[in-house]
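Examination of the molecular architecture
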Protein chains: 2
Amino acid sequence: MKVSIFDVAKKAGLSVVTVSRVLNNASTVREKNRQKVLQAMKELDYHPNAAARSLAKGKTGVIGMIVTTLQDSYLDNIVQTVSVLLRDHGYYLALSVANHPLEEGAGSYLIQEDRVDGLLILAAVDEEPYVMELKKRKIPFVLIDNQKNHPAVSSVTVDNFKGGYEAAKHLIDLGHRSIAHIQGPPYFLSATERERGFMQALKEEGLEPFSLEPGEFTIQSGYEVVQKWLAQGDLPTGLFAADDFTAIGAVNALRQAGLRIPDDISVIGYDDQALASELRPRLTTIRQPAVQMGKMAVDVLMKQINGVNKRSTTLKLNPEIIVRESTAPPQ
Amino acid sequence: MKVSIFDVAKKAGLSVVTVSRVLNNASTVREKNRQKVLQAMKELDYHPNAAARSLAKGKTGVIGMIVTTLQDSYLDNIVQTVSVLLRDHGYYLALSVANHPLEEGAGSYLIQEDRVDGLLILAAVDEEPYVMELKKRKIPFVLIDNQKNHPAVSSVTVDNFKGGYEAAKHLIDLGHRSIAHIQGPPYFLSATERERGFMQALKEEGLEPFSLEPGEFTIQSGYEVVQKWLAQGDLPTGLFAADDFTAIGAVNALRQAGLRIPDDISVIGYDDQALASELRPRLTTIRQPAVQMGKMAVDVLMKQINGVNKRSTTLKLNPEIIVRESTAPPQ
DNA sequence: TTGAAAGCGCTAACAC
DNA sequence: GTGTTAGCGCTTTCAA
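Per chain, residues are indexed from 1 in the order of the written sequence. Whichever chain is written first is A, and whichever ligand is written first is 1; the rest continue in order. pLDDT decides what is reported in this predicted model: residues at 70 or higher carry local features, side-chain atom pairs at 80 or more are listed and counted, and totals for whole chains, interfaces and linings draw on all residues regardless. Calculation of side-chain values draws on the structure's entire complement of heavy atoms; hydrogens and water are dropped beforehand.

A separate point is the protein's contact with DNA strand C. In the vicinity of DNA strand C there are 24 residues, among which T18(A), R21(A), N33(A), I5(B) and Y46(B) approach most closely. Note on definitions. A residue lies near a molecule or strand when any single heavy atom of the residue is within 4 Å of it. Of all DNA strand C atoms lying within 4 Å of any protein atom, the proportion belonging to sugar or phosphate reaches 63%. Polar contact criterion, stated in full: a pair of N or O atoms within 3.5 Å, where within protein one must be able to donate a hydrogen and the other to accept it, and residues adjacent in sequence count only if both atoms are side-chain atoms. At a separation of 3.0 Å, a phosphate oxygen of DNA strand C approaches a polar side-chain atom of S15(A). Helix numbering and strand numbering both begin at the N terminus, where a helix is a DSSP run of H or I of at least 4 residues and a strand a DSSP run of E of at least 2. Among the secondary structure elements, those contributing two or more residues to the surface near DNA strand C are α2 (16–23) and α4 (50–57) of chain A together with α2 (16–23) and α4 (50–57) of chain B. Each residue receives one of three labels: charged for Asp, Glu, Lys and Arg, nonpolar for Ala, Val, Leu, Ile, Met, Phe, Trp, Tyr, Cys and Pro, and polar for the others, Gly being one of them. When the residues that make up the surface near DNA strand C are grouped by side-chain class, the tally is 12 nonpolar, eight polar and four charged.

As a further point, take the relation of the copies chain B and chain A. For the pair of chain copies, the relating operation is a rotation around an axis with a shift along it. Alignment of the copies relies on least squares applied to C-alpha atoms, considering only residues that score at least 70 for pLDDT in both. At an RMSD of 0.1 Å, chain B and chain A line up after a rotation of 180° and a shift of 0.0 Å along the axis. This pairing of chains is accounted for by a two-fold axis.

Turning our eyes to something else, we now look at the sheet that holds strand β8 (residues 238–241) of chain A. Residues and elements named next belong to chain A. Two strands are said to pair when DSSP picks up at least two bridges between them. As summarised here, the arrangement of the four strands in space is β7-β6-β8-β9, forming an open sheet in which the pairing is parallel. Sheet topology places β7 (211–213) and β9 (266–268) at the edges, where each strand pairs with a single neighbour. The average undirected angle you get between the axes of adjacent strands in this sheet is 15°. Two elements, strand β6 (residues 179–182) and β7, share three bridges in a ladder whose sense is parallel. Of the residues in β7, the one forming a bridge with H181 is L212. Each of β6, β8 and β9 touches helix α8 (residues 160–173); the most contacted strand, β8, lies at about 165° to it. Relative to the sheet, helix α11 (residues 244–256) contacts β6, β8 and β9, its axis offset from that of β9 by approximately 160°. Axis lines are fitted through C-alpha atoms, for helices just across the contact stretch, and the angle between N-to-C directions can take any value from 0 to 180 degrees. Should any heavy atoms of two residues lie within 4.5 Å, those residues are considered in contact.

Residues and elements named next belong to chain B. In spatial order, the strands read β7-β6-β8-β9; together these four strands make up an open sheet with parallel pairing. Among the strands making up the open sheet, the edge pair consists of β7 (211–213) and β9 (266–268). Between one strand axis and the next, the sheet turns by 15° as a mean value, whatever way the strands run. Sheet topology places strand β6 (residues 179–182) next to strand β8 (residues 238–241); four bridges connect them, and they run parallel. What sits directly across from H181, in β8, is F240. Strands β6, β7 and β8 of the sheet are contacted by helix α9 (residues 189–204), whose axis makes an angle of about 170° with β6. Here helix α11 (residues 244–256) sits on the sheet and contacts β6, β8 and β9; the angle it forms with β9, its principal contact strand, is near 160°.

Time to look at the layout of surface pockets. Think of a 1 Å grid over the protein atoms and nothing else: a 1.4 Å probe that fits but is trapped marks a cavity, an open set flanked by protein within 12 Å on at least five of seven lines marks a pocket, and residues with an atom within 4 Å of a point count as lining. Grid points are joined across faces, edges and corners, and a volume is the space filled by probe spheres set on the points. In this model, the second largest pocket occupies a volume close to 1,100 Å³. What lines the second largest pocket is a set of 39 residues, and nearest its centre among them are G58(A), D114(A), R137(A), K2(B) and N49(B). Looking at the lining of the second largest pocket, the elements with two or more residues in it are α4, α7 (128–137) and α13 (290–305) of chain A together with α1 (5–12), α2 and α4 of chain B. No other element matches the five residues that α4(B) contributes to the lining of the second largest pocket. Here the lining of the second largest pocket is composed, by residue class, of 17 nonpolar, 11 polar and 11 charged.

So, about the protein's contact with DNA strand D. Contacts to DNA strand D come from 24 residues, most closely from I5(A), Y46(A), V17(B), R21(B) and N33(B). Sugar and phosphate atoms constitute 60% of the interface atoms of DNA strand D, taking the interface as everything within 4 Å of the protein. The separation between a phosphate oxygen of DNA strand D and a polar side-chain atom of T18(B) is 2.6 Å. Within the backbone of R30(B), an N or O atom sits 2.8 Å from a phosphate oxygen of DNA strand D. Broken down by secondary-structure element, the contributors of at least two residues to the surface near DNA strand D are α2 and α4 of chain A together with α2 and α4 of chain B.

A few words on α1(B). All names here are of chain B. Along α1, the residues classified as buried are V8, A9 and A12. Summarising the axial view, the buried residues of α1 lie within an arc of 100°, below the 170-degree limit, and thus occupy one face. Turned more than 90 degrees away from the buried face of α1, the exposed residues are F6 and K10. The inward-facing, buried residues of α1 contact α2 and α3 (31–44). Two or three places before F6, at the start of α1, stands the capping residue S4, its side-chain oxygen 3.0 Å from that residue's backbone nitrogen. At the C-terminal side of α1, G13 shows a positive phi close to 70°. Here's how the labels work: a residue is buried when its accessible area is under 20% of the maximum for its type, exposed when over 50%, partly exposed in between, all with a 1.4 Å probe on protein chains only. Here the arc refers to the directions that run from the helix axis out to each C-beta atom.

As a further point, take the interface of chain B and chain A. Listed by partner, the interface residues are 52 residues for chain B and 53 residues for chain A. By definition, the buried area sums, over both parts, the 1.4 Å-probe accessible area that each loses when the two are put together. Overall, the association of chain B and chain A removes approximately 5,000 Å² of surface from exposure, summing both partners, and the carbon and sulfur fraction of that is 50%. Taken as a group, L70(B), Y92(B) and R280(B) account for 13% of the area that chain B buries against chain A, more than any other trio of residues on that side. The working definition used for a salt bridge is a side-chain nitrogen of Lys or Arg within 4 Å of a carboxyl oxygen of Asp or Glu. Taken together, chain B and chain A are joined by four salt bridges. Here K2(B) ties to D114(A) by a salt bridge, and the two come within 3.3 Å at their closest N and O atoms. Our count for the contact surface shared by chain B and chain A stands at 17 residue pairs in polar contact (both at pLDDT 80 or more). Elements represented by at least two residues in the side of chain B that touches chain A include exactly α4, α5 (73–88), β2 (92–97), α6 (108–112), α7 (128–137), α10 (219–232), α11 and α12 (274–278) of chain B. Among the elements that make up the side of chain B that touches chain A, the one with the highest residue count is α5(B) (six residues). Across the side of chain B that touches chain A, the residue classes break down as 21 nonpolar, 15 polar and 16 charged.

Looking at where T60(A) falls in the secondary structure, it is placed in the loop between α4 and β1 (62–67). Given a relative accessible area of 11%, T60(A) falls into the buried group. Contacts of T60(A), omitting those with residues within four sequence positions, involve S54(A), D114(A), R115(A), V116(A), D117(A) and R115(B).

The UniProt feature table records "domain: HTH lacI-type" (unreviewed entry) at residues 3–57 of chain A. With 69% helix and 0% strand, residues 3–57 of chain A has end C-alpha atoms that lie 20 Å from one another. UniProt positions are given in the numbering used here, feature names are shortened, and annotations may be inferred rather than shown by experiment.

Residues I179(B) and H181(B) of β6(B) are buried on one face, and the alternating residues A180(B) and I182(B), pointing to the opposite face, are buried as well. Here is how to tell: hold the view so the strands point away, follow the path from the first strand over the helix to the second, and if it runs clockwise the crossover is right-handed. Since β6(B) and β7(B) lie parallel, the crossover through α9(B) that links them has a hand, and here it is right-handed.

Residue and element names in this part refer to chain A. Assignment of secondary structure puts E224 in helix α10 (residues 219–232). Note on E224: relative accessible area 44%, which makes it partly exposed. Residues E224 and V323, 99 residues apart in the sequence, show an inter-C-alpha distance of 25 Å. In terms of polar contacts, E224 uses its side chain to reach the side chain of Q220, at 2.6 Å.

Right under this line is the structure:
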């Protein structure tokens, strides 16, 4: 019924060991025999059993990736990149969604039961528990876009301070003096760093922000801040939103009120979500180097798994400003 | 180094079988011994090896789910629902992204190497290859939101004809007579069904559509259609877009041209994406019952795995119209 | 270059 | 209730 390596061996007139060798691309198999084995496999429609291989080899051939949300084109880009790259390295990617961090079972099954050879933690709200557990279990892992700095842990992040700085600098260079910032949630290091960069750029020009408004990385929060300003009858000429969703919400409210962008007010977002370039006006934003992040993360993880790198590696990549239609000199 | 069931048995002063029993919640273990085992496990920080269990049991305890895109809140809702429900059934969910259907390795590793006990195929562009392979390998699976009808295959779909019909009916009931439709890609059954429903509703009123425009389920395509209309200087009073992205693109173009929604033109979308209710005007749309779909899919799959249902089950759920701000009677 | 034998860590009979 | 004995399907020594 179930065809095993034994059936193949019998059909090919060779031993299971030889079959196993061709399965693992061992070079010590006579070409003629290799063909015989391959032929037998095909005829029997044989497929090796992953559990048995994992048990015998002590490794699974899969890399796990824990993600919180999937509705984010920037994160999606990272996932897609990682998926392809891992395949090139002979690994499969198994995604696990964990909306509530450390939730019972969420992703932790990958860790606890040795179902993966390595793990990638993507933009976790709180990566702490994973870090603790993974270190204890000695499973290689890399944090991507993590919140905190963990000693002796490999990670790939983006310089959010620089991103915030460049966003503000862009507005300043265009001539804006009245510049506001809608923040991200304060428990995100990325959010506070962007704000720090923003403030630094203003400070260098001796500028004070028009205002700093709390936001939540959501369309709704951007919309509401603008509504508030509108009600007060006072607007900045430039706005740096902590992420594209916030920016889009702000733009939405602004245009609904009959204001023109960038004529009446310039808006710059962050992340370069797909939406940013799909909706008009196309949003000026700070792009996260998603592809490069995925590449680096896989690189570091592979080296760690292969024992090339014993020490942890911390990479901080640079964001890139993408100037589109939502920013211009103030009128 | 690695602590195994043997170590636990030794420490607890019992046999491995007993340990195995508490691992599997067998009721035939004296409470006192169960505690001893539990205690030993804790002290040794023991965690069972998934590969060994899978090999011995002949099942893995994981359900695979193949997804194409992750940037879709409707699909995301299904995934989240499924994830939680499976956990309740004692299974883990492993997601596999397959942008290019049947791409080498994409998801197929789950199938080929018996890494899962069952599979959920979510909104595949072309599920055919999966169906063939899964049937051959006799792995239980359920298609969700599939394109074609496959004989003897379980699936959970939504009645797109009805959705299209209701969308059109809504506009008609509001008093619209000049109604256009922006289609989805013709190779999606969902798209053509929505159009059929739309046409049926119009036909019942003796109405001809203002026009039928090709679209691609993208913001861009909705935007461009409206641009074309604008250039021609002729607009319908009501528009049914094949999905929310298309609708949002259309709304975007309309408002950019200074038109008001729903005053000048009513727009209804499809899917009830998160965006639909986040952007203003909040979009009237046809909601897919994502939670119910996830629930049904898990239900059917579990029954199939447990041998309760030998025959295939085909469920077609009803969509629901969500009336918001983007539709109103024509002026 | 090939094969026999001994596990990998766990569970499924079957006895006790 | 509990333990003994065989495997699950594959890879890994070690010989030949």
